Number of protein chains: 2
Amino acid sequence: MTPPYLLFDVGGTDIKSALSDDAGNLMGIRRVPTRRGTANPAESLVDQLHGLGAELLAETPSVRPEAVGLLVCGIVDEAQGLGVFSANLGWRDAPLREMTSNAFALPVGFGHDVSTAGAAELQFGAGAALGTKVRNAVMLVIGTGIAAALFVDGRPLSAGGYAGELGHSAVPGGFECPCGAHGCLETIGSAGAIAKRYSLASGTPVRGAREVLEAMNAGDPIAARIWNEAIEAVSFSIAQLCASIAPEVVIIGGGLAQAGEALLEPLRRSVRGKLSYHREPLIVPAQLGEDAGLRGAFLKAKEARGAGA
Amino acid sequence: MTPPYLLFDVGGTDIKSALSDDAGNLMGIRRVPTRRGTANPAESLVDQLHGLGAELLAETPSVRPEAVGLLVCGIVDEAQGLGVFSANLGWRDAPLREMTSNAFALPVGFGHDVSTAGAAELQFGAGAALGTKVRNAVMLVIGTGIAAALFVDGRPLSAGGYAGELGHSAVPGGFECPCGAHGCLETIGSAGAIAKRYSLASGTPVRGAREVLEAMNAGDPIAARIWNEAIEAVSFSIAQLCASIAPEVVIIGGGLAQAGEALLEPLRRSVRGKLSYHREPLIVPAQLGEDAGLRGAFLKAKEARGAGA
């Protein structure tokens, strides 16, 4: 396998790791809980990554990795290689790229998890399926929370790591948010909010948004109201983007996207109803699933190897 | 004067024209009504520009212009040199750059009026006054309507001409808009809306937002309500941008910006109240006034001359 890459996709809950070859084929994918609550979260992360890398390489002793691809959650400064802030994992301005490079003695390609997964969706997944080069796109990941990656005029939009925080933009009908702002999209449009709001309103606890969709399909009016309010909220935020950055394509990923057309069809209708002369985006499902992050980490690792060679 | 540029800033109401030298010093600035209602709006415009250019050059017969800078309103495709759409002036997919270049037998630098005026504000006006290179900025022009220019990661954001249509993004409390959408910022946050809404609510017709501000300062509660609702609406849209493209600076221009701190101070407070971990932008007044467009046209003309040389 030449050249091999060591790939890590670090989320607030778990870390996915894998090896890949130069074509991006993933091998040995594993998922472990992210170590949390330590005094030195950045050191602790790099230590955990080093252990995971050793495990992957122990399985294929002949392999000599040539670069690492590392994605992390939170606010990320890709240019400087910094984990600027992670509410879940606790670091601030941590030089994660350099620390990881020192730990492995390898070049490290470093990026934001959602932003880089979005780049992979454009290159290998939903974007590739469209058959034309998409220059303006949004990848919206709707799960427990809501995150987004923005691509404008053919480039990822970073703004020092602060771009794409769609989950924490206000929508009509939104509620107080743990982030400290009011009305955040996440409080009404996320899979987490759908499940929580239905449990509260119906008195029937559910584990996820899928059960709310099933209840709606069985005729439950409370489920229908909460599902529709979520779609209305997400479409409000998409319509805002149509007026500001005007994407040609919106790719919907995350757990809620598993609802397929039950989500996408009314979402398209609701967005269309909010636009006039604006450019109406295609709204399509993500295609890479949970591996999008690792596929993105591969792009970063390959870039880092090229820069170092 | 070497090398001289012929500059035009074409709005829905009037055309500003001038000559400039290579440092961007404007000479012979004039403003005339834009010819409207003709059967061939693009041909009619280029004909009018040719006449204006002849007038400017007649005043300084020794001058040989080397390039033209042309800005137009509406949806503009700068890369292709097209006026894609203008609701006010009526063209669709008009090759304005090529037509103008043929009319003058000169290279033409072509751009969108608000976007290019924003670039001039960053380079010569409010951006220059900050003393640091601003990479992420929004120029918000609040007048009869509301338009915006977005700058991300150090570049203007175009999205094929559809970016920055902030006046036609929805805000809570917004009304039906002539554009066909509901709740557009322009229907509540523009100087035009402030004057119109006050006239209706008070039964006292006013000519502009300035009179509403004066009424508020004199203790009129209707004026205060309408002024504050406008600020709330504009701050909602700015906060949306803080979550999506995260500008470091928001430059406020247009007629309403003449209110100065009576607008800016409550606007800053209202934006701040809507953010949590987001990056809070500086909110500053534009500095170039009505010449921002011509200064931007100079940048475009200079670029076109460089490309042709």
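For the structure itself, consult the block above.
Because the structure is a prediction, the values reported are computed rather than measured.

J.: So what about the overall build of chain A? Which residues, and what values?
T.: Secondary structure summary: chain A contains 10 helices and 13 strands in total. In terms of overall dimensions, chain A is globule-like: its C-alpha atoms have a radius of gyration of 20 Å, near the 19 Å expected for 309 residues. Each principal axis of the C-alpha distribution contributes one length, and for chain A these read about 60 × 45 × 35 Å. The 309 residues of chain A split such that 55% are buried. When contacts within chain A are restricted to residue pairs at least 6 apart in sequence, long-range pairs at least 24 apart make up 62% of them.

J.: Which residues make up the sheet that holds strand S3 (residues 26-33) of chain B, and what values go with them?
T.: All names here are of chain B. As summarised here, the arrangement of the 5 strands in space is S3-S2-S1-S4-S8, forming an open sheet in which the pairing is mixed. Each of the sheet's edge strands pairs with one partner strand only, and the pair in question is S3 and strand S8 (108-112). Taking the axes of each pair of neighbouring strands and ignoring which way they run, one obtains an average angle of 15 degrees across the sheet. Note that strand S2 (residues 14-20) and S3 share 6 bridges and pair antiparallel. Along S3, the bridge assignment pairs serine 17 with arginine 30. Across the face of the sheet, helix H3 (residues 113-124) comes into contact with strand S1 (5-10), strand S4 (67-72) and S8 while running at roughly 100 degrees to S8.

J.: With reference to specific residues and values, describe the state of the cysteines.
T.: In this structure the tally under the stated criterion is 0 disulfides over all chains. There is no disulfide at Cys177(A), and the cysteine sulfur nearest it, in Cys179(A), is 3.8 Å away.

J.: Report on the relation of the copies chain A and chain B, specifying residues and quantitative values.
T.: For these two chain copies, the linking operation is a rotation about an axis paired with a shift along it. Expressed as a screw transformation, the operator carrying chain A onto chain B has a rotation angle of 180 degrees and an axial translation of 0.0 Å, and the superposed copies differ by an RMSD of 0.0 Å. The symmetry that links the two subunits is that of a two-fold axis. When C-alpha positions in chain A are compared against the rotation axis, the closest is assigned to Pro172(A), at 3.3 Å. Interface overlap between copies: 100% of the residues of chain A at the interface are likewise at the interface in chain B, consistent with a symmetric, same-surface contact.

J.: An account of the interface of chain A and chain B is needed here, citing residue identities and associated values.
T.: Tallying the contact residues gives 34 residues for chain A and 35 residues for chain B. For the pairing of chain A and chain B, the buried interface totals around 2800 Å² over both sides, and the portion due to carbon and sulfur atoms is 60%. The largest share of the area that chain A buries against chain B comes from Tyr162(A), Gln240(A) and Tyr277(A), three residues that together contribute 22% of it. Our count for the contact surface shared by chain A and chain B stands at 0 salt bridges. Contributions of two or more residues to the side of chain A that touches chain B are made by strand S10 (146-152), strand S11 (155-156) and helix H8 (221-244) of chain A. At 6 residues, the largest contribution of residues to the side of chain A that touches chain B is made by H8(A). Split by residue class, the side of chain A that touches chain B holds 19 nonpolar, 10 polar and 5 charged.

Rules and cut-offs
Residue numbers run consecutively from 1 along every chain, following the written order of its sequence. Each chain takes a letter, starting from A, and each ligand takes a number, starting from 1, following the order in which they are written. Local features in a predicted model are, by the rule used here, given only for residues with pLDDT of at least 70; side-chain atom pairs are given and counted only at 80 or more, and totals for whole chains, interfaces and linings are based on all residues. By convention in this description, side-chain values take in all heavy atoms of the structure and omit both hydrogens and water. Helix and strand assignments come from DSSP, with helices taken as H or I runs of at least 4 residues and strands as E runs of at least 2, each series counted from the N terminus. Note on method: radius of gyration uses C-alpha positions; expected globular size equals 2.2 Å times residues raised to 0.38. The buried label goes to any residue with under 20% of its type's maximum accessible area, the exposed label to any with over 50%, and the partly exposed label to all in between, with areas taken from a 1.4 Å probe on protein chains only. The contact rule is simple, with two residues in contact once any of their heavy atoms fall within 4.5 Å. Whether two strands pair depends on DSSP finding at least two bridges between them. In this analysis, axes come from line fits to C-alpha atoms, helices being fitted only over the stretch in contact, and the angle between any two N-to-C directions falls in the range 0 to 180 degrees. Here, two cysteine sulfur atoms that lie within 2.5 Å of each other are counted as a disulfide. Each copy is superposed on the other by least squares, with the fit set by C-alpha atoms of residues at a pLDDT of at least 70 in both. Each of two parts loses accessible area, computed with a 1.4 Å probe, when they are put together; buried area is these two losses added. Counted as salt bridges are all cases of a side-chain nitrogen of Lys or Arg within 4 Å of a carboxyl oxygen of Asp or Glu. Residue type decides the class: Asp, Glu, Lys and Arg count as charged, Ala, Val, Leu, Ile, Met, Phe, Trp, Tyr, Cys and Pro as nonpolar, and the leftover types, Gly among them, as polar.

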